[in-house]
Amino acid sequence: MLAVGTSGPLLHSVFLMTTTLTTTSNAISLYGVSRVFGRGAAAVHAVDDVTLEFPRGGWTAVMGPSGSGKSTLLHCAAGLEKVDSGRVLLGDADLTAASDAELTALRRTRIGFVFQSFNLIGALTAEQNVALPLRLAGQRPRRADVRATLDAVGLADRARHKPRELSGGQQQRVAIARAMVTRPEVLFADEPTGALDSTAARTVLDLMRAMADAGQSIVMVTHDPGAAARADSVVFLRDGRVVDMLAGATAHQVADRLAEWER
Amino acid sequence: MLGMSRAGLAERWTLFVGALLSVALGVALVQSSLLLLISAATFDPPPGVSEAERMQISDGATAAVSMLGVVLGGAVFLAGFVISSTFAFTVDQRRRDLALLRLVGGGRGHVRRLLLGEALLLGLAGAGLGIPAGLQVMALQAWLMRRFEFVPEGFTGQWRMWILGVSFGTGILLAVAGVLVAARRAARVRPLEALRESGPAARVMTAGRWIAGLIFLGGALALMIVAPHGGPSGGVAMAMNVAMPASVAVVAFAPLLVPLIARLMPVGGGVLGSLARASVRDARRRSASVAAPLIVLVALVVGNTAAGVSFTASGVDELKRTTHADFVVEGRGPAGAVPGVAAVSTELALPGEVTYGEGEYEEVVGASVLVVDPAAYSAIHGTPVTLAGRTAVAGPGGDVPRVGPVRLRLPGGDLGELPVTGSVPAALSGGASLLLPRGLVPEAQLAEASAVSFVALEPGADRAAVRAALARTGPVSDLDDWLRADAATRDDTNRKVMLIVLGLGGLYALIGVVNAIVIGAATRRREFAEARVTGLTRGQVIRAALLEAYAVTGAGLVLGALAAGGAFIAVLATTSAVTGTANLDIPWTLVGGVVLVALTVTGLTSLITSWSATRRAPVTLLAARE
Ligand SMILES: Nc1ncnc2c1ncn2[C@@H]1O[C@H](COP(=O)(O)OP(=O)(O)OP(=O)(O)O)[C@@H](O)[C@H]1O
Ligand SMILES: [Mg+2]
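Residues numbered from 1 in each chain as written. Chains lettered and ligands numbered in written order. Predicted model: local features only at pLDDT ≥ 70, side-chain atom pairs only at ≥ 80, totals over all residues. Heavy atoms only, no water.

Draft legend 1. Focus on the overall build of chain A. Of regular secondary structure, chain A possesses eight helices and 10 strands. In terms of principal-axis extent, the alpha carbons of chain A reach across some 50 × 45 × 35 Å. Here chain A, with 263 residues, has 56% of them falling under the buried criterion. A fraction of 68% describes how many contacts in chain A between residues 6 or more apart in sequence connect residues 24 or more apart. (Helix = DSSP H or I, 4+ residues; strand = E, 2+ residues; numbered from the N terminus. Buried < 20%, exposed > 50% of the residue type's maximum accessible area, 1.4 Å probe, protein only. Contact = heavy atoms within 4.5 Å.)

In structure tokens, the structure reads:
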């Protein structure tokens, strides 16, 4: 029940589950989570009373029409956005009760992010970008480890390039390497292939499939039924609510179901 | 973190050029002023000069030391102001970068340390540039001091080895202190802001801004209210200090005021005009950053110059009203013997040194002494003066105690202790510190004194004839002309000091303006590219940016005038209280010059920066996603 990162001065912070103390097999669990933007007549229920469990070692895709609350849900699940009600658990740790410093420590150790716009730091080389989370955690990353991570995404020969010298697909793979270097429990990805062409997208998806097969928990938002079909299961959102789920579906089935909900 | 600071600086160097320049200039000025101050304070007059000359030289050195003190203070204030606003703005422009750092696990401490590291490097680099530049500045400053006769020929600044430590310390201190507030603010950046293309504009009117604005507004109002009750010298000093807090207050409220006023600027209709107007409104922070140094520039330069000119004119008016004379004759000719003359007050001026107070509170000041005939002085200047035997009266200069004993030393001999038994009213334009009766000073010591005689005519006397007769005893002037010329010489030192200080302030403010525009444009490449793919030509983008710069400059000038207005009100109230007539002279040529320089500098900077920011084809910019 005591679940904290492995290093850093924040070890004293204890995330206690306030209700059941049964150890869950979920990577991330959301219970009755709501997030409202604005107030009064202009209020938008971006996420509306969502209860969802993302299994450990599974790859879940989140789909839905534009504005259905996918990104907001992902941000809430990752502790980037505060929730208005409900609880979010990372393993057994309650993110909704965590302080800014505790969330920072989690981002360094237990959570990884990949986004549509790759969000690399332009001043740093690929290698330095990948090493950054480790250095922020106060470690002195060994060059060999960093190179190995870059090698895993097929970019060992681009270690010294700056982001602007890389193609979109390469930049996204550097971003994945950066997310993976801390060996996080959960990888969050918001439209990781949204800005890529189909070949680059396939490389990235293959990479993620291999990671999921090796036991990595992944939560991914996507618009692409083909990408969603690579995941183990698909969750459909509409107007901030979970309206449907599919497991082991083909791209065709996902596309049909999506079309239904977008009508 | 220092490694990342270094990488950040190298990558975004255009954002930091301005900060670097202002640190370097700050270091150069502090170093130069400090070296000259020490050189002037320890300056020994060359051997073989007369005692009167020696007193004059040490008087000049005292004035030089206080001038350098003002320059030193001004340099630190302006450097602090420009550096901290530059940092605040660069940090604001990099919110996404900083949020990204937070997203991958950077804590608040990391963000703070990153920015402090950058400041440290900038401080070191700024000092590295500033120290050699300081030597040039010192040569220039010493030349100005010699030319303006604060110091005799042959005076130069002396290099001191320890100044290296002071200069590096100054650079680092200026840069680190400048970034502290910005770093605190930046540490509150939320990681999610990295994911929004254009993050929610950070709140511009922070609590700190409100508090600072209200405090400085209160300070300016207090000075404006108290100045009329401060008497001639106190009132002038207070009125001259209104512009500074008033401008800081206006700057604090700039994010609210600038868009409001910029909307009223005539930037023309059409699509470009409305684009420029929308930009000003949307980027309040950027608009305020460009306007802020302009506000300070206009308020300080126009406010203080107008105050100085007005007080001088008002002082001359006051003397015209209180001096009952028609002509002034230089020399000690026998003006009284000329037919048609009713009264003559011959006044002999000497430099001196006055000591007053006891023990720890003893003070020695350079003073000017006027040897007069009490009855004639009373008649001409319309104020009773009783002087008999060994007594003195505090003069219109008002810079020695009005009662009690003082020790007086004149060139060629010590007069010992004298009781000050009375005083004449202090005048707005100053004047002699002490009045002495004729018999007190040995004739030999009076030989070197400069003499003027104020001559009043009998009613009905023939002016031209009397004037012609007087001209045979010495050079004659009309009272009004003489008063004006005398005020000009007496104000000379003040004017020169103001010239140096305001010139420096203006230079700094312009650097601040250029900084703000360069930083603003450096982060607008994407915005420009988007405008171009929407269908604007490159020329149209540049023109819209220029219109925007003009709208903001106009707003800055208007708001600077508002702050200067505070000084104007204090001047009107003070001159009215002291002399009975409110007086305000606005130096319109200077105003015109400031407006022209401001428009030229902002216009050119805007053109150059937006031209270079649109050099690359828009697609390459929109494709790069960092
Ligand atoms: N910071 C915010 N402030 C106000 N409203 C917001 C904010 N973020 C999201 N919203 C609103 O919440 C709703 C859900 O937004 P969200 O970004 O989660 O949608 P999405 O499903 O990711 O859409 P897309 O597929 O277009 O990315 C939208 O109506 C959006 O306008
Ligand atoms: Mg989204």
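Draft legend 2. Broad picture of the overall build of chain B. Of the regular secondary structure elements, chain B holds 20 helices and nine strands. C-alpha extents for chain B along the principal axes are approximately 95 × 55 × 40 Å. Counting across all 626 residues of chain B, residues that qualify as buried make up 51%. Taking contacts inside chain B between residues at least 6 apart in sequence as the whole, the part at least 24 apart equals 84%. Carbon and sulfur atoms form 64% of the exposed surface of chain B, whose accessible area is close to 26500 Å². For chain B, the distance from the average site of its 50 positive side-chain charges to the average site of its 42 negative ones is 20 Å. (Areas by Shrake-Rupley, 256 points an atom, 1.4 Å probe, with all protein chains shown as cover. Lys, Arg positive; Asp, Glu negative; His and termini not counted. Charge placed at Lys NZ, Arg CZ, Asp CG, Glu CD.)

Draft legend 3. Looking closely at the sheet that holds strand 7 (residues 186-190) of chain A. Residues and elements named next belong to chain A. The strand order across the open sheet formed by six strands is 6-7-8-3-9-10, and the pairing between neighbours is mixed. The open sheet has two edge strands with one neighbour each: strand 6 (111-115) and strand 10 (241-247). Along the sheet, successive strands turn relative to each other by an average axial angle of 20°, direction set aside. Inspection of the sheet shows strand 3 (residues 59-63) paired to strand 9 (residues 233-238) by four bridges, in the parallel sense. (Pairing = 2+ DSSP bridges. Axes fitted to C-alpha atoms, helices over the stretch in contact; angles between N-to-C directions.)

Draft legend 4. Molecular detail of the pairing of strand 1 (residues 327-330) of chain B. Residues and elements named next belong to chain B. Sheet topology places strand 1 next to strand 9 (residues 476-478); three bridges connect them, and they run antiparallel. Among the inter-strand pairings, Phe 327 is bridged to a residue of strand 9, identified as Asp 478. Alignment of strand 1 against strand 8 (residues 450-457), held across four bridges, turns out to be antiparallel. Residue pairing for strand 8: Phe 327 is matched across the bridge by Val 455.

Draft legend 5. Focus on a nonpolar patch on the surface. Residue and element names in this part refer to chain B. Taken together, Trp 210, Ile 211, Leu 214, Ile 215, Phe 216, Leu 217, Leu 221, Ile 225, Val 226 and Leu 256 make up a surface patch of nonpolar side chains, about 900 Å² in accessible area. In terms of residue count, helix 7 (residues 207-226) provides more of the nonpolar patch than any other element does, nine residues in total. When you line up the elements, Val 226 lands in helix 7. (Patch = residues over 30% accessible without salt bridge, like charges linked within 9 Å, V, L, I, M, F, W, Y side chains within 5 Å. Salt bridge = Lys/Arg side-chain N within 4 Å of Asp/Glu carboxyl O.)

Draft legend 6. Inspection of the packing of helix 3 (residues 51-93) of chain B against helix 5 (residues 108-147) of chain B at higher detail. All names here are of chain B. The interhelical angle for the contact between helix 3 and helix 5, taken along N-to-C directions, is 150°, at an axis separation of 13 Å. As judged from the angle between their axes, helix 3 and helix 5 are roughly antiparallel. By crossing handedness, the relation of helix 3 to helix 5 is classed as right-handed. Along the contact surface, helix 3 presents Ala 64, Met 67, Leu 68, Val 71, Phe 87 and Val 91, while helix 5 presents Leu 115, Ala 119, Leu 122, Gln 141 and Met 145. In the contact of helix 3 with helix 5, the residues fall into 10 nonpolar, one polar and no charged. (Parallel < 35°, antiparallel > 145°, perpendicular 65-115°, else oblique. Left-handed = near helix turned anticlockwise from the far one by under 90°. Nonpolar A, V, L, I, M, F, W, Y, C, P; charged D, E, K, R; others polar.)

Draft legend 7. Molecular detail of the side chain of Glu 191 of chain A. Residue and element names in this part refer to chain A. Here Glu 191 lies in the loop between strand 7 and helix 6 (198-213). The side chain of Glu 191 is buried and forms no salt bridge, while Lys 70, the nearest opposite charge, is found at 5.5 Å. Side-chain polar atoms of Glu 191 contact the side chain of His 223, separated by 3.5 Å. (Polar contact = N/O pair within 3.5 Å; in protein donor to acceptor, adjacent residues only side chain to side chain.)

Draft legend 8. Inspection of the interface of chain A and chain B at higher detail. Taken together, the contact pairs 27 residues of chain A with 25 residues of chain B. A combined buried area of about 2400 Å² lies between chain A and chain B, and 59% of that area is made up of carbon and sulfur atoms. It is Arg 107, Asn 119 and Leu 136 of chain A that lose the most area in chain A upon contact with chain B, and together they represent 23% of the buried surface on that side. At the junction of chain A and chain B, the tally comes to three salt bridges. Of the charged contacts, one joins Arg 108 of chain B and Asp 100 of chain A as a salt bridge, the two residues approaching to 3.2 Å between their closest N and O atoms. Applying the counting criterion to the chain A and chain B interface returns six residue pairs in polar contact (both at pLDDT 80 or more). Among the elements of the structure, helix 2 (100-109), strand 6, helix 3 (126-136) and helix 5 (168-180) of chain A are those that each provide at least two residues to the side of chain A that touches chain B. (Buried area = accessible area lost by both parts, 1.4 Å probe.)

Draft legend 9. Broad picture of the domain arrangement of chain B. Residues and elements named next belong to chain B. For chain B, the assigned domains are domain 1 (1-203), domain 2 (209-324 + 477-626) and domain 3 (331-474). Its C-alpha centre places domain 1 at a distance of 22 Å from the equivalent point of domain 2. With 30 residues of domain 1 at the contact, the number on the domain 2 side is 29 residues. Summing both partners gives a buried area of about 2700 Å² for domain 1 against domain 2, and 77% of it is carried by carbon and sulfur. Taken together, the connections running from domain 1 to domain 2 amount to zero salt bridges. Our enumeration of links across domain 1 and domain 2 arrives at one residue pair in polar contact (both at pLDDT 80 or more). (Domains from an automatic or database assignment.)

Draft legend 10. Region of interest: the environment of Gly 520 of chain B. Residues and elements named next belong to chain B. Its place among the elements puts Gly 520 in helix 16 (residues 479-522). Placed 472 residues apart in sequence, Gly 520 and Gly 48 show a C-alpha to C-alpha distance of 60 Å. If near-sequence neighbours (up to four positions away) are discounted, Gly 520 is found in contact with Phe 89 and Arg 286.

Draft legend 11. Here's a closer look at the UniProt feature "domain: ABC3 transporter permease C-terminal" (unreviewed entry) in chain B. Look at the UniProt record and you will see "domain: ABC3 transporter permease C-terminal" (unreviewed entry) annotated at residues 70-189 and 500-617 of chain B. In residues 70-189 of chain B, helix accounts for 81% and strand for 0%; the two terminal C-alpha atoms are 39 Å from one another. (UniProt positions renumbered as here; feature names shortened; annotations may be inferred.)

Draft legend 12. Spotlight on the pattern of salt bridges. Summed over all chains, the structure comprises 24 salt bridges over all chains. Put simply, Asp 478 of chain B and Arg 467 of chain B hold a salt bridge, and the shortest N to O gap is 3.4 Å. In this pair, Asp 478 of chain B is assigned in strand 9 and Arg 467 of chain B in helix 15 (residues 463-471), connecting sequence segments 11 residues apart. For Arg 467 of chain B, a relative accessible area of 30% translates into the label partly exposed. Sharing partners across several salt bridges, the network here consists of Arg 35, Glu 81 and Asp 84 of chain A together with Arg 190 of chain B.

Draft legend 13. Representation of the nonpolar core. Leu 30 and Phe 188 of chain A together with Met 145 of chain B are the most contacted members of the largest nonpolar core, which has 152 residues in total. Looking at this core element by element, the count peaks at 16 residues for helix 12 (residues 284-322) of chain B. Among the domains, domain 1 (1-203) and domain 2 (209-324 + 477-626) of chain B are the pair contributing at least three residues each to this core. If sequence neighbours within four positions are ignored, Phe 188 of chain A has contacts with Ile 28, Leu 74, Ala 77, Ala 78, Ile 111, Gly 112, Phe 113, Val 114 and Val 219 of chain A. The next biggest cluster of nonpolar side chains, apart from the first, holds 44 residues, and it includes Val 114, Ala 131, Leu 187 and Val 234 of chain A. (Core = buried A, V, L, I, M, F, W, Y, C linked by side-chain atoms within 4.5 Å.)

Draft legend 14. Broad picture of unusual backbone geometry. Residues and elements named next belong to chain A. Even without being a glycine, Glu 191 presents a positive backbone phi close to 45°. A positive phi angle is found at Asp 239, which is not glycine, with a value near 50°. Assignment of secondary structure puts Asp 239 in the loop between strand 9 and strand 10. Classification of Asp 239 as exposed rests on a relative accessible area of 56%.

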